[in-house]
Amino acid sequence: MEEVNLAATAISLNVRLRSPDMPAHMQQHALRFTRSLVDDYYSESSAPKTSRPNPTHLARALKKEFDDAYGPAWHCVVGKSFGSFVTHSPAGFLYFSIDSLSVLLFKTEVQLVKES
């Protein structure tokens, strides 16, 4: 049932899921939050509609949102064209596209360094 809701969410937000390894509720969180950031850019910006949101700002905001909601250490890459090869925590990876941008969001494990 969650997969059906996720598919409906992706369609309604005009988002294309490309490679998910993440619980459905976290995927929905990422998709909805990113769509709101992109829509806010277009509604508040005086820039022409042919421009696009700053990928660095989108990546920073999404990373902060997931760090706050699900703990550290999330990483995010946003852009039109990029390659990647990452190691991620289990159930901590999502790759999707929204409008003309691609978004890669993933979590790595944080280990404390013990001083001797």
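Structure's up top.
The following paragraphs examine the structure supplied in this document.

Calculation rules
- Residues numbered from 1 in each chain as written.
- Predicted model: local features only at pLDDT ≥ 70, side-chain atom pairs only at ≥ 80, totals over all residues.
- Heavy atoms only, no water.
- Axes fitted to C-alpha atoms, helices over the stretch in contact; angles between N-to-C directions.
- Helix = DSSP H or I, 4+ residues; strand = E, 2+ residues; numbered from the N terminus.
- Left-handed = near helix turned anticlockwise from the far one by under 90°.
- Contact = heavy atoms within 4.5 Å.
- Nonpolar A, V, L, I, M, F, W, Y, C, P; charged D, E, K, R; others polar.
- Buried < 20%, exposed > 50% of the residue type's maximum accessible area, 1.4 Å probe, protein only.
- Pairing = 2+ DSSP bridges.

What follows covers the packing of helix α2 (residues 24-44) against helix α3 (residues 55-70). Packing of α2 against α3 leaves a shortest axis separation of 11 Å and a crossing angle of 145 degrees. Crossing handedness for the pair α2 and α3: right-handed. For the pair α2 and α3, the contacting residues are H25, M26, H29, A30, F33, T34, L37 and V38 in the first and L58, A61, L62, E65, F66, A69 and Y70 in the second. In terms of residue class, the contact of α2 with α3 is made up of 11 nonpolar, three polar and one charged.

What follows is about unusual backbone geometry. The step from P72 to A73 runs through a cis peptide bond, and the omega angle for that step is 5 degrees. By secondary structure assignment, the location of A73 is in the loop between α3 and β2 (74-79). Even without glycine at this site, N14 takes up a positive phi of about 60 degrees. Here N14 shows up in the loop between α1 (2-12) and β1 (15-21). The class of N14 is exposed, set by a relative accessible area of 53%. A positive phi angle, close to 55 degrees, is found at D99, a residue other than glycine. Considering the arrangement of structural elements, one finds D99 in the loop between β3 (93-98) and β4 (101-107).

The next point concerns the pairing of β3. Among the six residues of β3, five are classified as buried, and the element is accordingly described as predominantly covered. Here six bridges tie β1 to β3, and the two strands are oriented antiparallel to one another. Along β3, the bridge assignment pairs D21 with F93. Bridge analysis of β3 against β4 gives six bridges, and the strand direction is antiparallel. Across the sheet, F93 pairs through a bridge with F106, a residue of β4. Hairpin geometry of β3 and β4 is characterised by an intervening segment of two residues between the two adjacent antiparallel strands and by a positive phi of about 55 degrees at D99.

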